[in-house]
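So you can see what is in the structure, the chains are spelled out below.
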Amino acid sequence: MPSQANDVIIRHNNPASMTEPWAREFAESIEVRGTADQILLSGVGPMVADKNAPADTVASYGNTETQTLSVLNQIKHTLEKKGYIMADVVSMQALIVGDPNQKGEADFEGFSSVYNKFFGTKAQPNVPIRTRAQVIRLVPPGWLVEVTVTAAKRKP
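Please read these numbers as outputs of a predicted model, since none were measured by experiment. Numbers given for residues are sequential positions, taken from 1 along each chain in its written order. Given that this is a predicted model, residues contribute local features only at a pLDDT of at least 70 and side-chain atom pairs are listed and counted only at 80 or more, while totals for whole chains, interfaces and linings are drawn from all residues. Where side-chain values are given, they derive from all heavy atoms of the structure, hydrogens and water being excluded.

Q: So what's going on with the pattern of salt bridges? Which residues, and what values?
A: Each reported salt bridge corresponds to a side-chain nitrogen of Lys or Arg within 4 Å of a carboxyl oxygen of Asp or Glu. Enumeration according to the criterion identifies two salt bridges in this entry. For Lys-155, the salt bridge goes to Asp-37, with nearest N and O atoms at 3.1 Å. Of this pair, Lys-155 sits in the segment after strand E7 (145–154) while Asp-37 sits in strand E4 (residues 36–44), and the two are 118 residues apart along the sequence. Exposure is judged per residue with a 1.4 Å probe applied to protein chains only, and the accessible area is read against the type maximum: over 50% gives exposed, under 20% gives buried, and values in between give partly exposed. Asp-37 gets classed as partly exposed once you look at its relative accessible area, which sits at 23%. A salt bridge links Lys-76 to Glu-80; its shortest N-O distance comes to 3.3 Å. Of this pair, Lys-76 and Glu-80 are both found in helix H2 (residues 64–81), four residues apart, which corresponds to roughly one turn of the helix. For Lys-76, a relative accessible area of 33% puts it in the partly exposed group. Here a strand is any run of E in DSSP of at least two residues, a helix any run of H or I of at least four, and the numbering for each starts at the N terminus.

Quick look at the structure:
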């Protein structure tokens, strides 16, 4: 059964979301019907967080949480400039590099701690379909996070 439905965008909860907290972070599937506007954003990476740190290092961009906050705020800003909001996000791909300060493991918990402030809240209950994956590296040195999204909304 759809969690939220209208005749354009139908969001289907992950069936495990009733019992498993991790399954509340993303939808099982989302249907976007022909009468919706869509926008696809290219991969968004973090902005420099510490200009005093050596350029192109994790120290200059921050840890996974800092980078995720930077990325999601940029996505929010870009969507708003184009007439969309974070609740319109229907698909997300998050690439996460292993943090050298965490024995080279991706900080999925750090990512989720920020993500959960933007999606699945009382104020903004929508969650997109989502993929998170640890990758060997991203093109800019120092980046730990890069996110691509698709947003869709009912045509005016």
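Q: Before we move on, can you summarise the sheet that holds E4 with the specific residues and values?
A: Pairing between strands is defined by DSSP: at least two bridges between the two strands are required. Strand order in the open sheet made by the four strands is E4-E7-E5-E6, with mixed pairing throughout. A single partner strand is all that each edge strand has here, and the edge strands are E4 and strand E6 (129–135). On average, adjacent strands in this sheet sit at an angle of 5 degrees to one another, irrespective of strand direction. In terms of strand pairing, strand E5 (residues 89–97) meets E6 through seven bridges, oriented parallel. Within E6, the position partnered with Ile-96 by the bridge is Gln-134. Its contacts with the sheet place H2 against E4, E5 and E7, and it is angled at close to 30 degrees to E7. With axes taken as lines fitted to C-alpha atoms, and helix axes fitted only over the stretch in contact, angles between N-to-C directions fall between 0 and 180 degrees. Any two residues whose heavy atoms approach within 4.5 Å at even a single point are treated as in contact.

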